[in-house]
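Tertiary structure, described
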Amino acid sequence: VTIGSKNFTEEFILGNIYAQALQAAGYKVKTQLNLGSEQIAYKAVKGGQVDAYPEYTGTALTSFYGVKPADVPKDPAAAYQQVKAGAAKDGLTALPPTEFTDSNGFAMTAANAQKLAITKISDLKGKSQDLVIAGPPECRQRVDCLLGLEQVYGLKFKKFIPIDIAKRHEVLTNGQADVALVFTTDGQIKADNLTLLQDDKKMLPPYNISLLVRDKTIASSGPDLARIVALVQGGLTTPVMQELNSRVDLDKQKPAAVATQYLKESGYIK
């Protein structure tokens, strides 16, 4: 079995987790863990260059199956069922998704959130007009960003500052912004003592991970492959994924080593 992945930290970790777990179960595993963007990775699994790679449900729907971002189901199970149906047409099996979702989120420093008594996005109502929000330039027009905060939550901010997405945590810790767009499994959330605001009106579409596997690979590898994937995904909650990402991004550990630690700490491998 050849396991692929896209080209960033979380994908490297997940690719290694699946590969090492299957190897421990007796599969002969190869890896291609830096394929590139989702377009490249999807082409690779469809064309048989790799047998499987992890993809986000929201990404699969909007990038491959013609769903407009505003039409992505907000219910993770419904989004997964649509991915499953879309994948089947391309000769792929979308395995059941992870519990964690790596979607857009909004964060504040814990100190600021505590001071203003804010734990969820709707708590910003009546306070947002005094607050500065930061996000990438396209955030203004996106329903899963500033536009959604205005339309769904009825918020108006004092100012929006466009930033490079790499600076999303820095603008909070240096006081440039009060609220910033982040990704829900960012390692820096815990490390920088930030509060991830709960999306209580379910505005943000789900981005749970589903391992996309070639039907031919499923047929030739038996039911064990899906069972092992489901088993090792069991412990992948949002806080766990934040922790694993932080070990790579902040502690500078190798993704393969972090995957091994996860599998051992969770008791999946000896």
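Report follows, based on the coordinates. (Residues numbered from 1 in each chain as written. Predicted model: local features only at pLDDT ≥ 70, side-chain atom pairs only at ≥ 80, totals over all residues. Heavy atoms only, no water.)

Within the protein chain, the secondary structure is distributed over 12 helices and 10 strands. Taking 2.2 N^0.38 as the reference for a compact globule, 270 residues should give roughly 18 Å; the C-alpha atoms of the protein chain span a radius of gyration of 19 Å, in line with that estimate. Taking the principal axes of the C-alpha coordinates as reference, the protein chain spans close to 60 × 40 × 25 Å. Counting only residues that meet the buried cut, the protein chain has 52% of its 270 residues in that class. In the protein chain, 74% of the contacts between residues at least 6 apart in sequence involve partners at least 24 apart. Looking at the protein chain as shown, the accessible area adds up to about 12,100 Å², and 52% of this sits on carbon and sulfur atoms. Between the mean site of the 31 positive side-chain charges and the mean site of the 28 negative ones, the protein chain shows a separation of 2 Å. (Helix = DSSP H or I, 4+ residues; strand = E, 2+ residues; numbered from the N terminus. Rg over C-alpha atoms; globule rule 2.2 N^0.38 Å. Buried < 20%, exposed > 50% of the residue type's maximum accessible area, 1.4 Å probe, protein only. Contact = heavy atoms within 4.5 Å. Areas by Shrake-Rupley, 256 points an atom, 1.4 Å probe, with all protein chains shown as cover. Lys, Arg positive; Asp, Glu negative; His and termini not counted. Charge placed at Lys NZ, Arg CZ, Asp CG, Glu CD.)

Any pair of aromatic rings gets described here by the distance separating the centres and the angle formed by the planes. All chains considered together, the criterion is met by 5 aromatic pairs. Considering the side-chain rings of Phe8 and Tyr56, the 6.3 Å spacing of their centres and the 15° angle between planes classify their relative orientation as stacked. In this pair, Phe8 sits in the loop between β1 (2-4) and α1 (9-24) while Tyr56 sits in strand β3 (residues 52-56), placing the two residues 48 residues apart along the sequence. Among the residues examined, Phe8 registers a relative accessible area of 33% and is labelled partly exposed. Under the relative-accessibility criterion, Tyr56 is labelled buried at 4%. On the numbers, 3.9 Å between centres and 15° between planes, the contact of Tyr42 with Phe64 is stacked. (Phe/Tyr/Trp six-rings, centres within 6.5 Å; stacked < 30°, edge-to-face > 60°.)

For the rest of this paragraph, the subject is the pattern of salt bridges. For the structure shown, the criterion picks out 9 salt bridges. Residues Glu265 and Arg247 are paired through a salt bridge, measuring 3.3 Å at the closest nitrogen-oxygen approach. Taken together, the residues span a long stretch of sequence, with Glu265 in helix α12 (residues 255-265) and Arg247 in helix α11 (residues 238-249) at a distance of 18 residues. Among the charged side chains, a network of salt bridges with common partners joins Lys190, Glu243, Arg247 and Glu265. (Salt bridge = Lys/Arg side-chain N within 4 Å of Asp/Glu carboxyl O.)

This paragraph deals with the side chain of Thr2. Inspection of the secondary structure assignment puts Thr2 in strand β1. Beyond its immediate chain neighbours, meaning those up to four positions away, Thr2 contacts Lys30, Gln32, Gln49, Val50, Asp51 and Ala52.

Within the element layout of this structure, Arg214 appears in strand β10 (residues 209-214). It is Asp51 that comes nearest to the buried, bridge-free Arg214 among opposite-charge side chains, at 4.4 Å. Setting aside residues up to four positions removed in sequence, Arg214 forms contacts with Val45, Lys46, Gly47, Gly48, Val50, Asp51, Gly91 and Leu92.

The next thing to look at is the packing of α1 against α12. Running from N to C, α1 and α12 point in directions that differ by 55°, and their axes come no closer than 8 Å. Here α12 runs oblique to α1, going by the angle between their axes. You can see that α1 and α12 cross each other, and the crossing is right-handed. Residues Phe12, Ile13, Asn16, Ile17, Gln20 and Ala21 of α1 form the contact with α12, whose own contacting residues are Pro255, Ala256, Val258, Ala259, Thr260, Tyr262 and Leu263. Partitioning the contact of α1 with α12 into residue classes produces 10 nonpolar, 3 polar and no charged. (Axes fitted to C-alpha atoms, helices over the stretch in contact; angles between N-to-C directions. Parallel < 35°, antiparallel > 145°, perpendicular 65-115°, else oblique. Left-handed = near helix turned anticlockwise from the far one by under 90°. Nonpolar A, V, L, I, M, F, W, Y, C, P; charged D, E, K, R; others polar.)

This next bit is on the pairing of strand β8 (residues 179-183). Across the 5 residues that make up β8, a large majority, 4, are buried. Pairing of strand β5 (residues 104-109) with β8, which is carried by 4 bridges, proceeds in the antiparallel orientation. Within the sheet, the bridge partner assigned to Ala107 lies in β8 and is Ala180. Pairing of strand β6 (residues 132-135) with β8 involves 2 bridges; the strand directions are parallel. Directly across from Ile133, in β8, lies its bridge partner Val179. (Pairing = 2+ DSSP bridges.)

To continue, consider the pairing of β10. For a regular strand, side chains alternate in direction, first toward one face of the sheet and then toward the other. The buried count for β10 comes to 6 of 6 residues, which makes it a mostly enclosed element. Across the two faces of β10 the burial is the same, with Ile209, Leu211 and Val213 and Ser210, Leu212 and Arg214 all buried. In this sheet, β10 lies alongside β3 in antiparallel orientation, the contact comprising 5 bridges. Following the sheet pairing, Tyr53 is matched in β10 by Leu212. One ladder, built from 3 bridges, connects strand β4 (residues 92-94) with β10; its direction is antiparallel. Pairing of Ala94 across the sheet is with Leu212, part of β10.

In short, shape yes, function no, at least from these values alone.
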